[in-house]
Amino acid sequence: RVRSDSMSSSASQGSRTKTLLRQRLSQLLTCVEDMSSDDEASEEVSRTLDEAFQLCGRFIPTDTFLHMVTWNVATAEPPEDVTSLLQLDVQPTTDLYVILQEVNATPVKFISDLIAEDSWSHVFMDTLAPRGFVTSVRMQGLLLLVFAKQIHLPFIRNIQTTYTRTGIFGYWGNKGGVSVRFSFYGHMVCFLNCHLAAHMNYSLERVDEFEYILEAQDFDLYDTPQIRDHVVFWFGDLNFRIADHGLHFLRSSINSGRLNLLWNKDQMMKKKEPFLQEFEEGPLDFKPTYKGKKRKPAWTDRILWRIKPKTLPSEDDEEEKASTSTVDGQDEFPILVTQDKYTSDMSYGISDHKPVIATFSLDLRKCFDTPLVHVSPVGVWSADQDALLTYTVQEDFMSSTWDWIGLYKMGFKSAADYETFVWVREDDLPEISEVIQRSVEKDKIPLLGGQYVLGYYSTNMQSITGLSASFQQILESKRAVMEGLVPEDINGFNK
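These numbers come from a predicted model, not from an experiment.

**As for the overall build of the protein**
Here is step 1: The helix and strand tally for the protein stands at 13 helices and 21 strands.
Here is step 2: For the protein, buried positions account for 48% of its 495 residues.
Here is step 3: Across the protein, every contact between residues at least 6 apart in sequence was considered, and the portion connecting residues at least 24 apart equals 70%.

**Looking at the pairing of strand 13 (residues 387-393)**
Here is step 1: Within strand 13, 6 of the 7 residues are buried, which leaves the element mostly enclosed by the surrounding structure.
Here is step 2: Direction of pairing for strand 12 (residues 373-378) relative to strand 13: antiparallel, over a ladder of 6 bridges. The partner of Val 375 across the bridge, within strand 13, is Tyr 391.
Here is step 3: With 6 bridges connecting them, strand 13 and strand 16 (residues 435-440) associate as antiparallel partners. In the strand pairing of strand 16, Tyr 391 is matched with Ile 436.

**As for the environment of Asn 460**
Here is step 1: Tracing the sequence through the fold places Asn 460 in the loop between strand 17 (451-458) and strand 18 (463-467).
Here is step 2: Look at Asn 460 and you get partly exposed, because its relative accessible area is 26%.
Here is step 3: With 303 residues separating them in the primary sequence, Asn 460 and Arg 157 have C-alpha atoms 9.6 Å apart.
Here is step 4: Among the polar contacts listed, one links the side chain of Asn 460 to the backbone oxygen of Met 398, at a separation of 2.8 Å.

**Remarks on the packing of aromatic side chains**
The geometry of an aromatic ring pair comes down to the distance between the two centres and the angle between the two planes.
Here is step 1: A full pass over the atoms with the stated rule returns 25 aromatic pairs.
Here is step 2: Measuring from centroid to centroid gives 4.9 Å for Phe 184 and Tyr 185, while their planes differ by 85°, and the two rings are edge-to-face.
Here is step 3: Taking the relative accessible area as the measure of exposure, Phe 184 reaches 1% and is therefore buried.
Here is step 4: Here Trp 404 and Tyr 418 contribute two aromatic rings whose centre-to-centre distance is 5.3 Å and whose plane-to-plane angle is 65°, an arrangement assigned as edge-to-face.

**Comments concerning the sheet that holds strand 5 (residues 156-165)**
Here is step 1: A sheet is described by the order of its strands in space; here 5 strands give the open sequence 5-6-7-8-9, paired in mixed fashion. Edge positions in the sheet fall to strand 5 and strand 9 (301-306), since each of these pairs with one other strand and no more. Averaged over neighbouring strand pairs, the angle between their axes works out to 15° when direction is ignored.
Here is step 2: In terms of strand pairing, strand 8 (residues 231-237) meets strand 9 through 6 bridges, oriented antiparallel. The partner of Val 232 across the bridge, within strand 9, is Arg 306.

**Points about the sheet that holds strand 16**
Here is step 1: The strand order across the open sheet formed by 3 strands is 12-13-16, and the pairing between neighbours is antiparallel. Unpaired on one side and paired on the other, strand 12 and strand 16 mark the two borders of the sheet. For this sheet the average axis-to-axis angle between neighbouring strands, irrespective of direction, equals 25°.

**Looking at the state of the cysteines**
Here is step 1: Tallied over the entire structure, the rule returns 0 disulfides.
Here is step 2: There is no disulfide at Cys 190, and the cysteine sulfur nearest it, in Cys 194, is 9.7 Å away.

**Describing the pattern of salt bridges**
Here is step 1: Considering all chains together, one arrives at 9 salt bridges under this definition.
Here is step 2: As a salt-bridge pair, Arg 425 and Asp 428 come within 3.0 Å of each other at their nearest N and O atoms.
Here is step 3: Through salt bridges with shared partners, one network takes in Arg 425, Asp 427, Asp 428 and Glu 434.

**Comments concerning the nonpolar core**
Here is step 1: Among the nonpolar cores identified, the biggest contains 51 residues, and Met 68, Phe 191, Phe 233 and Phe 360 are the most heavily contacted of them.
Here is step 2: Looking at this core, the element that brings in the most residues is strand 11 (residues 356-364), giving 5 residues.
Here is step 3: Counting the residues that make up this core, at least three belong to each of domain 1 (62-309 + 333-364) and domain 2 (373-483).
Here is step 4: What Met 68 contacts, discounting residues up to four positions off in sequence, is Val 98, Phe 191, Phe 233, Phe 235, Ile 303, Val 356, Ile 357, Ala 358 and Phe 360.
Here is step 5: Counting residues in each nonpolar core, the second largest holds 23 residues, with Trp 381, Tyr 391, Val 440 and Leu 454 among its members.

**Details of the pairing of strand 17**
Here is step 1: Most of strand 17 is tucked away, with 7 of its 8 residues classed as buried.
Here is step 2: Two strands pair when backbone bridges link them, and strand 14 (residues 404-409) and strand 17 are joined in this way by 6 bridges, in the antiparallel orientation. Bridge assignment links Leu 407 to a residue of strand 17, and that residue is Leu 454.
Here is step 3: Sheet topology places strand 17 next to strand 19 (residues 471-472); 2 bridges connect them, and they run antiparallel. Paired with Tyr 452 across the bridge in strand 19 is Phe 471.
Here is step 4: Where strand 17 and strand 18 come together, 4 bridges link them in antiparallel fashion. Residue pairing for strand 18: Tyr 456 is matched across the bridge by Gly 466.

Reading guide: rules and limits
- Residue positions within a chain follow its written sequence, with the count starting from 1.
- Given that the model is predicted, a residue must reach a pLDDT of at least 70 before its local features are reported, and side-chain atom pairs must reach 80 or more before they are shown or counted; all residues, however, enter totals for whole chains, interfaces and linings.
- To obtain the side-chain values, all non-hydrogen atoms of the structure were used and water was disregarded.
- The way it works is that DSSP assigns letters per residue, a run of H or I at least four long becomes a helix, a run of E at least two long becomes a strand, and they are numbered from the N terminus.
- Buried residues are those whose accessible area, probed at 1.4 Å on protein chains only, stays under 20% of the maximum for their type, while exposed residues exceed 50% and partly exposed ones sit between those limits.
- Contacts between residues were defined by any pair of non-hydrogen atoms, one from each residue, lying within 4.5 Å.
- Here, a strand pair is defined by DSSP locating no fewer than two bridges between the strands.
- Pairs of N or O atoms within 3.5 Å make up the polar contacts considered here, provided that, within protein, one atom can donate a hydrogen while the other can accept it, and that residues adjacent in sequence are counted only when both atoms are side-chain atoms.
- Only rings of Phe, Tyr and Trp enter the pairing, Trp through its six-membered ring, and a pair is recorded when the two centres are within 6.5 Å. The plane angle decides the type: under 30 degrees is stacked, over 60 is edge-to-face, the rest tilted.
- Axes here refer to lines fitted to C-alpha atoms; in helices the fit is confined to the stretch in contact. Angles between the N-to-C directions go from 0 to 180 degrees.
- For this text, the term disulfide refers to a pair of cysteine sulfurs within 2.5 Å.
- The term salt bridge refers to a side-chain nitrogen of Lys or Arg lying within 4 Å of a carboxyl oxygen of Asp or Glu.
- Note on terminology: a nonpolar core comprises buried Ala, Val, Leu, Ile, Met, Phe, Trp, Tyr and Cys residues joined through side-chain atoms within 4.5 Å.
- Bear in mind that the domain bounds are from an automatic or database domain assignment.

And the structure:
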């Protein structure tokens, strides 16, 4: 296939909608001032409010629930049950899971994991696949997994990953940082995991390493090229220690629950560098999560976050800023981060580190709520005949003739976990709102029935940009009966 990409235009449907919203609200104020009777006012106000709120409904903030886990497990194999780690039964249900496992960093282990899916990815995908989607990046010894509910997939866009090695002169990545960034309903979010230098006396080196990672990592995006251009979640085995206390005092404070006596000696809390002060962290109300042999306990495993500071306007620009502040995406669509829980799960004993868990509420306004592509099956699907589907590009984006549409069984693990796929139209790129039909050969359709969904995958955006409603393959294939995969039905009875 010869690759062909479309160019994304800068026109914003959101801007047009907001202009209409302002017009409707202005009309409302005029109606209220001009009405001569209560009945007339009530009718006009009700009608205008209905129109206004239909337009502004998309701008009402909604909560998204984020669950993060960081855990240095070294060479250990995963436990069979990770339910308590993921808190699957907690309400409200989670929208996004971000999980870091720091695993064996030997070259042999790293190479073998590239060939076959590692056991930690396997257990999390098997547990969470019924709930959503995973994208992952693997730096040697660092495994970063992001899961999302299926409903959010079309609104997770422009996924990019990168890493920075700082260990052993940068040759093997046993120390360093790995990050994944994406747009979530138009908000730029970055998850940055770091494994920083170990040992008590390397506190300054840890700070230098983190600053280097922040400066060194960049993304191929003109508007958010740096980590600090995003809402950032920073987590991992940061290796900061509890200084200036003897082992006996540490153990006594921990066993008596007087953890506050240790806070002012925590190396992280003592740091005054401006870039560190931009990050927030919840109270350390859980026991130190690292307890190595002959080493002092410490809160080495941490989860912090940072909201991008708003740039204050200069005196000359103040008037202009005031008139254009509603156009700026960050001002117009704010995101608030609230930490709901910050704790550790002490029940797991497979490592000298305990897992640290943080949950957040992301109070955000959706910059958009329409998938870039609408995709839908046509008629009944069965492996006895070729099937049809249609897709329609609803907004301009960098589509490509290398895009494809996958048939997924409900509970799929990733974008690559399709039953079959078809390429999009090859001869030319689609027009906006053009309905395009593609066929799927019957030999590529699963023989057995079940719940399925179609997904449009964008190679440029590295994500699924459109999902159909789930549909049932109503007819079991005759081939399935012939091959004995399902019992033959004769006069209402299975043969």
